[in-house]
Amino acid sequence: MKEYKKFKMRKIVINGGLPLQGEITISGAKNSVVALIPAIILADDVVTLDCVPDISDVASLVEIMELMGATVKRYDDVLEIDPRGVQNIPMPYGKINSLRASYYFYGSLLGRFGEATVGLPGGCDLGPRPIDLHLKAFEAMGATVSYEGDNMKLSAKDTGLHGASIYMDTVSVGATINTMIAAVKANGRTIIENAAREPEIIDVATLLNNMGAHIRGAGTNIIIIDGVDRLHGTRHQVIPDRIEAGTYISLAAAVGKGIRINNVLYEHLEGFIAKLEEMGVRMTVSEDSIFVEEQSNLKAINIKTAPYPGFATDLQQPITPLLLTAEGRGTIIDTIYEKRVNHVFELAKMDADITTTNDHILYTGGRSLRGANVKATDLRAGAALVIAGLMAEGKTEITNIEFILRGYSNIIEKLRNLGADVSLVEE
């Protein structure tokens, strides 16, 4: 496991305008692995994960697991976790608030110990992302919620968690996964209605079922969990990261001279691919790869994000630089995170014709970008700036890159292998 240290300043420097070609292999899904690791706390033996991405969110989760008493070994992209030594200790706020996915410890600690004291979650600032749906589900299963400073205390110590019928007021990936994690050891049957359907939910359910859980319906809007007494060890391969895949497909269409994206599951990207085809992007889809040709004469389109299987909110920022190469005008409306527009102001510094009105993004394509000093305001905004920097003439310097390293495994090496002039500079 690489050690991700904080320096006074780290930045990504890109000399853009170069044609890129070659192959790139997609890593395991960030949005899966950040839930899989906390879920392993429920196991009574060693669990091994394959295809684990080398990202800072994984490093943070491993550090938290080790603080709790787990034994963790890392071999390349393999992560071996022995959770038998985990103790139910309060997690320090500074450790837990660095990533949003820390809330998955709520469900796993409740499931194993009947109580949890965990710092409030952090992550990218994308506007309000309340965890009330998580808490509503836990309370329905018999837990009480209280607050102690920066910590939240959940307890079902006296009675234990029990099955319940839970209706999600809004479709939420995090709340669906967290409820599922908490329910696998609860007494009786839990039914989650209006559940999210994302592939990452199926991935977590697959791990838990391989550990001995009884979960049915993952990937549909109704999930049924029958509680079990114990979960055993297993080995599990993390699914490919559909957001990383979409990011590199966007990059390939924007600046590529022929790039093959390997380890891709097309069925996870159908909503995204449909929009690329509407633009006129030429590509060849194979069983586990997508070859993106050099593009020309792309047309502007409108995008509106939606829960899976619609257009993913995490891909509206990475596709934006590609949209800027198209002829015409278009809009981007994010219905999941309405405030996910901060990348617009950074792209405007690069001479992009792009603005926001009432949190709707308005763009006009066809204008060349120029290098500039810009700042990653969140994970996917950072990815958008990397693509824009590769498109632009001249030098682009991106600061606040810790966001980017949270979710893109070996991004510098992958881009260099395509012929990009990109470097990570530490000062």
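Located above this text is the structure these notes cover.
As a starting point, this report considers the structure included with it. Here the residue numbers are simple positions, counted from 1 along each chain's written sequence. The predicted origin of the model limits local features to residues at a pLDDT of at least 70 and limits the giving and counting of side-chain atom pairs to 80 or more, whereas totals for whole chains, interfaces and linings rest on all residues. Side-chain descriptors were evaluated using all non-hydrogen atoms of the structure, hydrogens and water having been removed beforehand.

1. Side note on the environment of Met-211
- With respect to the secondary-structure elements, Met-211 resides in the loop between α7 (199-210) and β11 (214-216).
- For the pair Met-211 and Asp-169, spaced 42 residues apart in sequence, the C-alpha separation works out to 29 Å.
- Any two residues whose heavy atoms approach within 4.5 Å at even a single point are treated as in contact. Ignoring any residue separated from it by four or fewer positions in sequence, one finds Met-211 in contact with Ala-39, Leu-42, Ala-43, Val-47, Leu-231, His-232 and Thr-234. Helix and strand definitions here come from DSSP, where helices need a minimum of 4 consecutive H or I residues and strands a minimum of 2 consecutive E residues; each element is numbered from the N-terminal end.

2. So, the environment of Gly-142
- Tracing the backbone shows Gly-142 in the loop between α5 (132-140) and β7 (144-148).
- Sequence separation of Gly-142 and Tyr-266 is 124 residues, and the distance between their C-alpha atoms is 40 Å.
- Gly-142 has contacts with Ser-155, Ala-156, Thr-159 and His-162, leaving out every residue within four places of it along the chain.

3. Brief notes about the sheet that holds strand β14 (residues 256-262)
- Here we have 4 strands laid out as an open sheet, ordered β2-β14-β16-β15, and mixed in their pairing. Every interior strand has two partners, whereas the edge strands, β2 (20-25) and β15 (283-285), have only one. The mean angle between the axes of side-by-side strands here comes to 10°, regardless of whether they run parallel or antiparallel. Pairs of strands are assigned from DSSP output, requiring at least two bridges between the strands. The axes are straight lines fitted to the C-alpha atoms, using for helices just the contacting stretch, and the angles between their N-to-C directions are given from 0 to 180°.

4. Some remarks on the packing of aromatic side chains
- Only centres within 6.5 Å qualify two rings of Phe, Tyr or Trp (six-membered ring in Trp) as a pair; their planes then separate them into stacked at under 30 degrees, edge-to-face at over 60, and tilted for everything else. Counted by the stated rule, this structure contains 2 aromatic pairs.
- Considering the side-chain rings of Tyr-103 and Tyr-104, the 4.8 Å spacing of their centres and the 90° angle between planes classify their relative orientation as edge-to-face.
- Measuring from ring centre to ring centre gives 5.8 Å for Phe-272 and Phe-311, while their planes differ by 50°; the resulting arrangement is tilted. Separated by 39 residues along the polypeptide, Phe-272 in helix α9 (residues 270-279) and Phe-311 in the loop between β17 (303-304) and α10 (316-323) bring together distant segments of the chain.

5. What about the pattern of salt bridges?
- When a carboxyl oxygen of Asp or Glu is within 4 Å of a side-chain nitrogen of Lys or Arg, the pair counts as a salt bridge. This structure, assessed with the given rule, holds 24 salt bridges.
- Note that Asp-169 is salt-bridged to Lys-136, the shortest N-O span being 3.1 Å. Of this pair, Asp-169 sits in the loop between β9 (165-167) and α6 (173-183) while Lys-136 is found in helix α5, placing the two residues 33 residues apart along the sequence.
- In this structure, Asp-314 and Arg-340 form a salt bridge, with 2.8 Å as the shortest nitrogen-oxygen distance. Taken together, the residues Asp-314 in the loop between β17 and α10 and Arg-340 in the loop between β18 (329-333) and α11 (342-349) connect sequence positions 26 residues apart.
- Buried means the residue's accessible area, taken with a 1.4 Å probe over protein chains only, is under 20% of the maximum for its type, while exposed means over 50%, and partly exposed covers the values in between. When its relative accessible area of 15% is taken as the criterion, Asp-314 is described as buried.

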